Amino acid sequence: MSASEPEITVNRLFCTPLIEVRLPQADTLVPALRDVIMAQKARSPGVRRSNIHGWHSDIEMLHWGGEPAMVLARETLQVCGRFTSDLNGVQGQSRYEMGMEMWANVSPAGASNQMHAHPGSFWSASFYIDDGGDQTEGAFVAQDPRFPMVRMVAPDLVFKDEDGQQQLSQFRVRPEPGKLVIFPSWMMHAVRPHSGPRERISIAMNILALPAPPPEQA
């Protein structure tokens, strides 16, 4: 560095994790989960939440999803645990344990999920069964949580990092069968409509931070 160049330090503040995972048993989980979801869809009319068109199950998939749902839940909780720390845990033991809600979404062409968050949870996750046959559209969209940025005087200006990469206000993840996406529950997110020939099938999860029972006395 020459004497005429400024010395610059870029601090990356308040990282927002979005974790993409390929589970080792995804190839067997995907068809098994598809079967239990379509069977439940045939039995239940579903509910209305953030979904625009399409079918949204109740949040009790851990009860009706059988062993495939339990395997997905265990694997998801294990990954979440690796990226969670209790600042005031005693001797490395967290004062919390993780609970879960799980539900399924089946979305025909044109269906979507509006921008929303999941209050009351710590992590949330999506696991993809079928992209609907559209590998271009139908993305999961994560919104920059710094909401005032889009209301500033020049919202078409964006920051660049020290490598020259633009810091955009949205991050998109393409649905792929067998992909697990984990993100903070407070993150606003949406799902864009797809135009594929099949229904897009996914599983959503809320990971809850529940007070752990006190340790047993010896």
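Fair warning: this is a prediction, and the values are worked out from it, not measured in the lab. (Residues numbered from 1 in each chain as written. Predicted model: local features only at pLDDT ≥ 70, side-chain atom pairs only at ≥ 80, totals over all residues. Heavy atoms only, no water.)

1. A few points about the sheet that holds strand S7 (residues 140-143)
On the basis of which strands lie adjacent, the open sheet formed by five strands has the order S2-S5-S12-S7-S10 and antiparallel pairing. In the strand order of this sheet, the two ends are held by strand S2 (51-52) and strand S10 (170-173), each with one partner. Looking at chain direction, strand S5 (residues 112-116) and strand S12 (residues 189-191) are connected through two bridges and run antiparallel. Residue pairing across strands places Asn113 opposite Val191, the latter belonging to S12. (Pairing = 2+ DSSP bridges. Helix = DSSP H or I, 4+ residues; strand = E, 2+ residues; numbered from the N terminus.)

2. Let's talk about the environment of Ala139
Relative to the helices and strands, Ala139 is located in the loop between strand S6 (123-131) and S7. Judged by its relative accessible area of 9%, Ala139 is buried. Through-space distance from the C-alpha of Ala139 to that of Pro175 is 6.1 Å; in sequence the pair is 36 residues apart. In contact with Ala139, other than residues within four places in its own chain, are Arg172, Val173, Pro175, Ala190, Val191 and Arg192. (Buried < 20%, exposed > 50% of the residue type's maximum accessible area, 1.4 Å probe, protein only. Contact = heavy atoms within 4.5 Å.)

3. Concerning the sheet that holds strand S4 (residues 96-107)
Taken together, the six strands give an open sheet; going across it, the order is S1-S11-S6-S13-S4-S3, and neighbouring strands pair in antiparallel fashion. In this open sheet, the two edge strands, each paired with only one partner strand, are strand S1 (19-22) and strand S3 (55-56). Two strands pair when backbone bridges link them, and S3 and S4 are joined in this way by two bridges, in the antiparallel orientation. Paired with Trp55 across the strands is Val106, a residue of S4. On top of the sheet, helix H1 (residues 26-43) reaches S1, S3, S4, S6 and strand S13 (200-211); it is set at about 90 degrees to S6, its chief contact. (Axes fitted to C-alpha atoms, helices over the stretch in contact; angles between N-to-C directions.)

4. Focus on the packing of aromatic side chains
What the rule picks out here adds up to two aromatic pairs. Seen in terms of ring centroids, Phe122 and Trp123 are 5.9 Å apart; in terms of plane orientation they differ by 80 degrees. Their pairing is edge-to-face. Trp123 sits in the buried class, given a relative accessible area of 4%. (Phe/Tyr/Trp six-rings, centres within 6.5 Å; stacked < 30°, edge-to-face > 60°.)

5. Thoughts on helix H3 (residues 66-82)
Residues spaced three or four apart along an α-helix face the same direction, because each turn holds 3.6 residues. If you check H3, its first and last C-alpha atoms are 25 Å apart, about what 17 residues at 1.5 Å a residue would give, namely 24 Å. Listed in full, the buried residues belonging to H3 are Pro68, Ala69, Val71, Leu72, Ala73, Thr76, Val79 and Cys80. (Expected span 1.5 Å × (residues − 1).)

6. Considerations on the nonpolar core
By size, the foremost hydrophobic cluster in this structure holds 32 residues, and its most contacted members are Ile37, Met61, Phe127, Ile203 and Met205. Of all the elements in the fold, those that place two or more residues in this core are S1, H1, helix H2 (61-64), H3, S4, S6, strand S11 (179-184) and S13. Apart from the residues within four sequence positions on either side, Ile203 is in contact with Leu33, Ile37, Met61, Leu72, Met102, Trp103, Ala104, Ala125, Ser126, Phe127 and Ile129. By size, the runner-up hydrophobic cluster in this structure holds seven residues, among which are Ala142, Val173, Val181 and Met187. (Core = buried A, V, L, I, M, F, W, Y, C linked by side-chain atoms within 4.5 Å.)

7. Description of the pattern of salt bridges
In total, this model carries eleven salt bridges according to the counting rule given. A salt bridge links Glu20 to Lys179; its shortest N-O distance comes to 3.1 Å. With Glu20 in strand S1 and Lys179 in strand S11, this pair connects stretches of sequence that are 159 residues apart. Taking the shortest distance from any N to any O, the salt bridge between Asp130 and Arg34 comes out at 3.2 Å. Residue Asp130 is located in strand S6, and its partner Arg34 is located in helix H1; the two are separated by 96 residues in the primary sequence. Bridged by salt links that share partners, the residues Glu20, Arg174, Glu176 and Lys179 form one connected network. (Salt bridge = Lys/Arg side-chain N within 4 Å of Asp/Glu carboxyl O.)

None of the figures reported here should be taken as evidence of function without further support.
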